[in-house]
Amino acid sequence: MPVSEPPEPVRTLSDADPASQVGADRDPIGAPIVRAGTTGRGGVDLPADGDTEHPVRSLTPELAAVVERWNPQGMALLRAMDGPGAAGAVTVIGPADVNTTLLRTELARFEPRVTLSEPRADAGAETAAPAGAVPPAVALILLDAGSIIGADVLEAIARLRADGTRLLLAMNGIHAYQDWRAVRERNLELLAAQGSAELDIVPVSARLAAAARTAGDTGLLDRSGLGALHAQLTAAAAAGGDRRGTVTARVLADTRQRVAEQVAALRSGAEPARLREERAILLAGRDGGRATAMSTLRGQLHLARVDLMTEIGASIRALHTAVRAELDRLRPAELADYPARLQQAVTEMTGALDHVIDLRLAELSARIERANDAPTRRRDPAPRVGPDPEPRHKGVEDHLMVALGASAGVGLGRLLVAPFSLVPALDVASVPVTLLLGGGAAAWVVRARRQLADRAHIRQWIADALVNVKAQLEQRVATALVEAEAVLADHVVRASTARMIETDRRVARLETDLRRMAAEQPGQLAACERDVGILDRWISPVETNDRLGTQ
């Protein structure tokens, strides 16, 4: 009976009518093997050795329906026991590694036991039967769940099929690969391409089966796929009738245990309690995290505002320092062109600041759900440094400086021509020289004073202009953050609204499930007790009373 993939376990009857619930076959985990001629698990009186009664044919239609409903893989095993022929060994073709050893160990726990040969690692040469030798009747080929089937394995499959060998393919280790389904589909396509479309690949995991045996989890054992593989191996090996009574007893006992576990789960109310707890958790976060997200957004925007304002202040101070140093090195003729140079420096600084703002907004957007890109913002031109400085107006200090310069110049001239006054002939000639020296000294003093006043005038204009530039840059940052806040807040609202809607839907589904469970629980318990009664008619009264007393 090919199995496409391990069946999902049936944990509760909350999703369907009890009569329609389906379980899966499982090994009696850790239980001793029951021999023929004894009282089997659950108190079933087993037939003695040599009893060739067919297991499925010996079951009443009512009992067979219960087993089919709760333990379909067990029913498949019973049907496989009806196959004619004697028990035979199964040749294992696969890697001789830990996974193969664990698979053979876990299969040995199933009853009836199927004899498995030592694994043959080479699928190409060693599978060919020697001249005059009988090819194996049944072969189990183990495939890797993480790789596509190879050409040598395909050749071995074709050779074995030509020899009349019945082939079974199993993909071991599905627990370690998430894409094992895609690998299995590809392998089936390759098999169909070479004319082996009737072959199926059973996905199994020996490690999951070992974990299920340790934890006593029947659902995990179902997902391991070993029950389906054992049923196919049993059908292929055609186990004899001396084990049919044991298998029947085990299948009935496992079926009853599944029903009993379901009854215990229904009476404990664990599933409704879990759903109510999940509903309470969903209701606690019904706002979709909007309050938390908005608080986080405002905090991040405030932090971005502080950081950007600090960046503006540091940039303005650095520019002012550089401007003052450059201004002191300029010639007097270059002072008139300095406003244009300052405007260029402000434009470059604004471009650098825009880049910093964009990076900060991108960081904010990355933290907001459903905000894939940074919000677009308005691109204003760089701040203007203002109108050019007005001409410096001459005041009283300029006229006073002319007088002081002339006086200082005359005194300096008299000091220089004092030696000539000792000569009477040169005394009169020293007067014009004194006036000339005084006039030159006065002109130099006035010119130097004018240059100093012009530099001070430009310096004051620069300070006022940079104050205005700083205010415009701060306004630029505030505008960008306000616009970003509006866009990001909209993303937050949309994301939280979507989560709120999804939460409401989940809460509604949970409430529907709770109401349905409350309405269906009596019928489910009645159906389970009915199935237990059908099974108990095949179980000894002593064992039945013992089981009911322990529940």
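Structure first, text after, so check above.
Below: a short report on this structure. (Residues numbered from 1 in each chain as written. Predicted model: local features only at pLDDT ≥ 70, side-chain atom pairs only at ≥ 80, totals over all residues. Heavy atoms only, no water.)

## With respect to the overall build of the chain
No. 1: Helix and strand counts for the chain stand at 17 helices and four strands.
No. 2: For the chain, with 551 residues in total, the buried portion stands at 42%.
No. 3: Taking contacts inside the chain between residues at least 6 apart in sequence as the whole, the part at least 24 apart equals 83%.
No. 4: Accessible surface for the chain amounts to roughly 28,300 Å². Of this, 57% is attributable to carbon and sulfur atoms. (Helix = DSSP H or I, 4+ residues; strand = E, 2+ residues; numbered from the N terminus. Buried < 20%, exposed > 50% of the residue type's maximum accessible area, 1.4 Å probe, protein only. Contact = heavy atoms within 4.5 Å. Areas by Shrake-Rupley, 256 points an atom, 1.4 Å probe, with all protein chains shown as cover.)

## Notes on the sheet that holds strand β1 (residues 91–93)
No. 1: Read across the open sheet, the four strands follow the order β1-β2-β3-β4; overall the sheet is parallel. Whereas interior strands pair on both sides, the edge strands pair on one side only; in this sheet they are β1 and β4 (201–204). Pairwise comparison of adjacent strand axes, ignoring direction, gives a mean angle of 25° for this sheet.
No. 2: Examined bridge by bridge, strand β2 (residues 138–144) and strand β3 (residues 166–172) share seven bridges and lie parallel to one another. Considered in β3, the bridge of Leu140 is made with Leu168. (Pairing = 2+ DSSP bridges. Axes fitted to C-alpha atoms, helices over the stretch in contact; angles between N-to-C directions.)

## Things to note about the pattern of salt bridges
No. 1: Per the counting criterion, the structure on display carries 21 salt bridges.
No. 2: A salt bridge links Arg213 to Glu106, with the shortest nitrogen-to-oxygen separation between them at 3.0 Å. Placement of the pair is Arg213 in helix α7 (residues 206–215) and Glu106 in helix α4 (residues 98–107), with a sequence separation of 107 residues.
No. 3: By relative accessible area, Glu106 is classed as buried at 3%.
No. 4: Note that Glu326 and Arg341 form a salt bridge whose closest N and O atoms lie 2.3 Å from each other. Of this pair, Glu326 sits in helix α12 (residues 290–329) while Arg341 is found in helix α13 (residues 338–366), placing the two residues 15 residues apart along the sequence.
No. 5: Taking the relative accessible area as the measure of exposure, Glu326 reaches 24% and is therefore partly exposed.
No. 6: Residue classification places Arg341 among the partly exposed positions, given a relative accessible area of 36%. (Salt bridge = Lys/Arg side-chain N within 4 Å of Asp/Glu carboxyl O.)

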